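The residues making up each chain are set out below.
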Amino acid sequence: MFPGKVNPKKMKQMMKQMGMEMEEIEGVEKVVIYTPAGNYVFDDAQVVATTMQGVTSYQLTGEARFEEAVPEIPDDDVALVASQAGATEEAARAALVETRGDIAEAILKLAQQ
């Protein structure tokens, strides 16, 4: 679109004429994107806010690491697994977390130990 090298100052002026504004958000330490499966964590991310026609978009640059979500385990599930597998509640909860809340798989896992 723009042949050759473009002067950054000139580019900023052209963008302003088109109604675009870009601003880097300073001092960003961490950005976290939450999903049901887990969280994408960006440490030391660079974030640029672009506003055009009254709408602001954010561009994120950096290395992400994925942190898998730990499922919520109801106490009733823990009690059921513990009683069926003949295990302690701590062992039952650990098995449920490891099997992501699958009761049958947690019972089988504890029964094999």
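Heads up: these notes are all about the structure in this document. Remember, it's a predicted structure, so these values are computed and weren't measured experimentally. (Residues numbered from 1 in each chain as written. Predicted model: local features only at pLDDT ≥ 70, side-chain atom pairs only at ≥ 80, totals over all residues. Heavy atoms only, no water.)

1. Examining a nonpolar patch on the surface
So the rule is basically this: Exposure above 30% relative accessible area and the absence of a salt bridge qualify a residue for a patch, where like charges join within 9 Å and nonpolar side chains (Val, Leu, Ile, Met, Phe, Trp, Tyr) within 5 Å. Here the accessible surface of atoms and residues is derived via Shrake-Rupley with a 1.4 Å probe, and residues count as covered only by protein chains that are part of the display. What counts as a salt bridge is simple: a side-chain nitrogen of Lys or Arg found within 4 Å of a carboxyl oxygen of Asp or Glu. Only runs of H or I of at least four residues qualify as helices and only runs of E of at least two qualify as strands under DSSP, and these elements are numbered from the N terminus.
A grouping of Ile33, Tyr40, Leu60 and Phe66 is seen on the molecular surface, where their side chains present a nonpolar patch of about 330 Å² in accessible area. Position of Ile33 among the secondary structure elements: in strand S2 (residues 30-35).

2. Some points on a negative patch on the surface
This is how the line gets drawn: For this count, His and the chain ends are skipped, Lys and Arg are scored as positive, and Asp and Glu as negative. Taken as the charge location is NZ of Lys, CZ of Arg, CG of Asp or CD of Glu. The buried label applies to any residue whose accessible area, calculated with a 1.4 Å probe on protein chains only, is under 20% of its type's maximum; exposed applies above 50%, and partly exposed to all values in between.
A contiguous patch of negative charge, built from Glu21, Glu23, Glu24 and Glu26, is present on the exposed surface. Locating Glu24 in the fold gives a position in strand S1 (residues 20-25). Note on Glu24: relative accessible area 38%, which makes it partly exposed.

3. With respect to the packing of helix H2 (residues 75-85) against helix H3 (residues 89-98)
Put simply, the test is: A fitted line through C-alpha atoms represents every axis, and for helices the fit uses only the stretch in contact; the resulting angles, taken between N-to-C directions, go from 0 to 180 degrees. Any angle between 65 and 115 degrees counts as roughly perpendicular, while under 35 counts as roughly parallel, over 145 as roughly antiparallel, and the rest as oblique. Left-handed describes a crossing in which the near helix is turned anticlockwise from the far one by less than a right angle; the clockwise case is right-handed. Only heavy atoms matter for contacts: two residues are in contact if any of them lie within 4.5 Å across the pair.
Between H2 and H3, the shortest axis-to-axis distance is 8 Å and the interhelical angle comes to 110°. Accordingly, the angle class assigned to the pair H2 and H3 is roughly perpendicular. Between H2 and H3 the crossing geometry is right-handed. Here H2 contributes Asp75, Asp77, Val78, Val81 and Ala82 to the contact with H3, which in turn contributes Glu89, Ala92, Arg93 and Leu96.

4. With respect to the sheet that holds S1
As a reminder of what qualifies: In this scheme, strands are said to pair when DSSP sees at least two bridges between them.
With antiparallel pairing, the three strands of this open sheet are ordered in space as S1-S4-S5. Where the open sheet ends on each side, the last strands, each with one partner, are S1 and strand S5 (55-61). Put simply, the sheet's adjacent strands are angled 20° from each other on average, direction ignored. One ladder, built from seven bridges, connects strand S4 (residues 46-52) with S5; its direction is antiparallel. What sits directly across from Thr50, in S5, is Ser57.

Worth remembering: the numbers are spatial, not functional.
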